[in-house]
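Structural characterization, general
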Amino acid sequence: MSLMSLTALELGEKIKKCEVSAVEAAEDALAAIKKKEGDIGSYVTVLEEEKILQRAKEVQAGIESGELTGAFAGVPVAIKDNMCTEGIRTTCSSKILENFYPTFSAEAVCRLERDGAVMIGKTNMDEFAMGSTTETSAFGITKNPHNTDYVPGGSSGGSCAAVAAGECSFALGSDTGGSIRQPSSFCGVTGLKPTYGTVSRYGLIAYGSSLDQIGPIAKDVADCAAVLESIASYDKKDSTSIRREDTDFTTALEEDVKGMRIGIPRDYFSRGLDTQVADSIMKAAHALEKNGAVLEEFDLSLVEYAIPAYYVIASAEASSNLARFDGVKYGYRTGEYEGLHNMYKKTRSEGFGPEVKRRIMLGSFVLSSGYYDAYYLKALRTKALIKQAFDRAFEKYDLILSPAAPTTAPKIGESLKDPLQMYLGDIYTISVNLAGLPGITVPCGKDDKGLPIGMQLIGDCFKEKTMIRAAYTFEQSTVRGGEQG
Ligand code: GLN
């Protein structure tokens with residue numbers, strides 16, 4: 001049996017008890033990669049075997065000396081390729097960063113390493129995290145481990161596929177508009193997007209800075225809670241970082257939803273939602289009800305404005321954030337050019353893919369004078385109204401329950417034909433980022449093609465523990481009673 005079939009906490013426990021070593025765990029991850037990478041393509045970069053094993057040996061020594069006591073010391077982790085890793089290529093799956101070797105690591109990565117996790121590699125993603133399928137990467141697509149004719153979702157598709165395929169024990173992803181939750185749902189794994197400000201964004205290559213948040217992708221809820229506990233921190237290097245006292249997330253791993261009020265937005269179950277997904281989500285909701293939760297349908301309102309507001313704000317921030325990739329400071333520079341402006345132009349034309357260019361143009365347009373008020377300011381006002389709609393909902397409910405996506409994973413090649421259609425697929429996830437809320441997706445069934453379906457639970461700001469408690473209760477009920485849809 002591969003050690004990669006264990007959860008990160010189970011494996012960490014075995015390593016701690018000296019039943020297996022950190023080196024054996026790393027070897028099992030590498031063996032799975034050798035066997036499956038050709039089919040799946042989860043990674044942009046797998047670290048050199050020698051380096052991984054060397055690090056595993058050092059961690060093992062640290063565990064034996066009592067220096068490393070973290071819950072997943074010695075456990076193999078994969079990192080989305082938009083988080084800086086010192087001396088390790090960090091591409092954002094873009095040609096423009098093909099040869100970028102950061103001189104420092106992202107704070108979240110440092111925290112995992114401090115706790116003894118062993119990094120295996122950097123995972124594939126949509127270029128600069130713009131997309132929902134991991135098909136816009138400059139380094140090839142990632143495929144869904146459940147059926148390789150289908151996409152793994154995106155933009156953290158590589159991280160989710162790596163966890164689902166057992167090519168690592170757990171992974172980090174980032175979520176600007178659903179990029180942790182949607183691919184987790186498509187790949188049948190668990191993914192958590194924390195409240196904005198909970199995990200430092202230092203070293204996360206920015207897409208939409210007011211929306212981006214790093215979070216865990218793992219086999220189950222307990223792993224997500226433990227990883228979040230490790231990476232959540234106040235960091236003065238990130239001006240939006242929040243000082244929180246309540247980051248002992250694993251204390252919420254209890255089976256108890258008695259009296260918990262769960263709201264189900266009626267407006268999420270109307271047009272466009274696949275019936276098999278809807279059935280599975282409602283079954284999951286009733287499993288929570290059986291355990292004592294109180295369900296109620298309600299009108300969240302403003303749902304149809306979330307997508308336009310998000311794409312205006314995210315593109316505006318992206319166009320500004322991506323201005324730094326000019327062929328001077330980072331990565332790729334065009335081979336031949338005439339003068340400075342021509343160098344900028346050719347570098348960016350050759351370095352960025354079509355989806356990134358579309359966002360830069362859209363973002364520059366909505367920020368330009370004359371259009372700023374009509375588009376960007378209006379989107380910001382809409383964002384404020386969406387936040388108010390959630391505030392009203394959380395006066396009545398402890399959690400909101402919804403699908404993570406309107407369908408299961410689409411076939412490879414289907415989505416890119418129609419970008420607007422692809423944007424519509426983000427309907428259930430993006431408003432969570434606009435409002436800065438935490439959200440988790442938990443597997444809750446499969447469709448008739450055998451593709452996973454994920455249930456999303458959304459909490460009020462800083463209510464990760466309530467969310468974790470409900471997600472854990474649901475997960476345990478599926479383990480016990482096969483209450484899955
Ligand atoms: N699909 C959304 C987008 O393309 C969300 C991506 C993300 O969360 N990074 O912007």
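Here the structure is a predicted model, which means the values were calculated and not measured. (Residues numbered from 1 in each chain as written. Predicted model: local features only at pLDDT ≥ 70, side-chain atom pairs only at ≥ 80, totals over all residues. Heavy atoms only, no water.)

**With respect to the overall build of the protein chain**
The helix and strand tally for the protein chain stands at 15 helices and 11 strands. Compactness check: the protein chain gives a C-alpha radius of gyration of 21 Å against a globular reference of 23 Å for 485 residues, within 12% of the reference. Dimensions along the principal axes, computed over C-alpha positions, put the protein chain at roughly 65 × 55 × 45 Å. By the burial criterion, 61% of the 485 residues in the protein chain qualify as buried. Total accessible area on the protein chain is roughly 18,500 Å²; 50% of this is exposed by carbon and sulfur atoms. One way to put it: in the protein chain the 53 positive side-chain charges average out to a point 3 Å from where the 65 negative ones average out. (Helix = DSSP H or I, 4+ residues; strand = E, 2+ residues; numbered from the N terminus. Rg over C-alpha atoms; globule rule 2.2 N^0.38 Å. Buried < 20%, exposed > 50% of the residue type's maximum accessible area, 1.4 Å probe, protein only. Areas by Shrake-Rupley, 256 points an atom, 1.4 Å probe, with all protein chains shown as cover. Lys, Arg positive; Asp, Glu negative; His and termini not counted. Charge placed at Lys NZ, Arg CZ, Asp CG, Glu CD.)

**Some points on empty space enclosed by the protein**
All chains considered together, the criterion is met by 3 cavities of 30 Å³ or more. Each pocket or cavity is described by its volume, and for the largest cavity that value is around 100 Å³. As for the largest cavity, its lining consists of 14 residues, of which Gly 131, Ser 132, Ser 179, Tyr 310 and Asp 426 are closest to the centre. Class assignment of the residues belonging to the lining of the largest cavity gives a composition of 4 nonpolar, 8 polar and 2 charged. Estimates place the volume of the second largest cavity at around 60 Å³. Lining of the second largest cavity is provided by Tyr 268, Leu 300, Ser 301, Leu 302, Val 303, Ala 306, Ile 386, Ala 389, Phe 390, Ile 427 and Ser 431. For the lining of the second largest cavity, the leading source of residues is helix H12 (residues 372-396), giving 3 residues. The residue makeup of the lining of the second largest cavity, split by class, is 9 nonpolar, 2 polar and no charged. (1 Å grid on protein atoms, 1.4 Å probe; cavity = no way out; pocket = protein on both sides within 12 Å on 5 of 7 lines; lining within 4 Å. Points joined across faces, edges and corners; volume = space filled by probe spheres on them. Nonpolar A, V, L, I, M, F, W, Y, C, P; charged D, E, K, R; others polar.)

**Quick look at the site of the ligand**
Every one of the 15 residues lining the ligand counts as a neighbour, but Thr 176, Gly 177, Ser 179, Tyr 207 and Tyr 310 are closest to it. Here a nitrogen atom of the ligand and a side-chain polar atom of Asp 426 are 3.0 Å apart. Against a free-state accessible area of 290 Å², the protein chains account for coverage of 99% of the ligand. Of the pockets mapped on this structure, the ligand occupies the largest cavity. Taken together, the residues that form the shell around the ligand break down as 5 nonpolar, 7 polar and 3 charged. (Near = heavy atom within 4 Å. Polar contact = N/O pair within 3.5 Å; in protein donor to acceptor, adjacent residues only side chain to side chain. Sits in = over half its atoms within 2 Å of the grid points.)

**Some thoughts on the packing of helix H9 (residues 303-321) against H12**
For the pair H9 and H12, interaxial distance at closest approach is 9 Å and the crossing angle is 125°. Taken together, the axis directions place H9 and H12 in an arrangement best described as oblique. Relative to H12, the crossing made by H9 is left-handed. Contact with H9, carried on its side by Tyr 305, Ala 306, Ala 309, Val 312, Ile 313 and Ala 316, involves Tyr 375, Tyr 376, Ala 379, Leu 380, Thr 382, Lys 383 and Ile 386 of H12 and no other residues of that element. Classifying every residue of the contact of H9 with H12 by side-chain character gives 11 nonpolar, 1 polar and 1 charged. (Axes fitted to C-alpha atoms, helices over the stretch in contact; angles between N-to-C directions. Parallel < 35°, antiparallel > 145°, perpendicular 65-115°, else oblique. Left-handed = near helix turned anticlockwise from the far one by under 90°. Contact = heavy atoms within 4.5 Å.)

**Overview of the layout of surface pockets**
When its volume is computed, the largest pocket comes out at roughly 700 Å³. Of all the elements in the fold, those that place two or more residues in the lining of the largest pocket are helix H6 (181-187), H9 and helix H13 (419-424). In the lining of the largest pocket, the residues fall into 12 nonpolar, 9 polar and 6 charged. Each pocket or cavity is described by its volume, and for the second largest pocket that value is around 350 Å³. In this structure, the second largest pocket is lined by 16 residues; those nearest its centre are Leu 47, Lys 51, Glu 86, Gly 87 and Ile 88. Elements with a contribution of two residues or more to the lining of the second largest pocket: strand S1 (43-46) and helix H3 (49-64). Take the lining of the second largest pocket: its biggest share by element is 3 residues, from H3. By residue class, the composition of the lining of the second largest pocket is 6 nonpolar, 4 polar and 6 charged.

**Points about the nonpolar core**
Of all hydrophobic cores here, the largest spans 143 residues; its most connected members are Leu 112, Phe 128, Phe 170 and Leu 457. With 11 residues, the single largest contributor to this core is H9. Leu 112 has contacts with Phe 72, Val 77, Ile 79, Ala 117, Phe 170, Leu 172, Val 227, Ser 230 and Ile 231, leaving out every residue within four places of it along the chain. In this structure, Tyr 150, Phe 186, Ala 405 and Leu 451 belong to the second largest nonpolar core, which totals 6 residues. (Core = buried A, V, L, I, M, F, W, Y, C linked by side-chain atoms within 4.5 Å.)

**Let's talk about H12**
For H12, spanning 25 residues, the distance from its first C-alpha to its last is 36 Å, which sits close to the expected 36 Å at 1.5 Å a residue. By the burial criterion, the buried members of H12 are Tyr 376, Ala 379, Thr 382, Lys 383, Ile 386, Ala 389, Phe 390, Ala 393 and Phe 394. Those residues of H12 hidden inside the fold are in contact with strand S8 (294-298), H9, helix H11 (354-367), strand S9 (399-403), helix H14 (430-434) and strand S11 (452-459). (Expected span 1.5 Å × (residues − 1).)

**Comments concerning the packing of helix H4 (residues 107-114) against helix H7 (residues 221-231)**
Two elements in contact, H4 and H7, have axes whose closest approach is 8 Å; the angle formed by their N-to-C orientations is 110°. In terms of orientation, H4 and H7 fall into the roughly perpendicular class. On H7, the residues touching Ala 108, Arg 111, Leu 112 and Arg 114 of H4 are Val 227, Ser 230 and Ile 231. The class makeup of the residues in the contact of H4 with H7 is 4 nonpolar, 1 polar and 2 charged.

**As for the environment of Asp 149**
You can see Asp 149 is positioned in the loop between strand S3 (118-123) and helix H5 (157-164). Remark: the alpha-carbon pair of Asp 149 and Lys 95, spanning 54 residues in sequence, is separated by 25 Å.

Remember that the coordinates give geometry; whether it matters functionally is a separate question.
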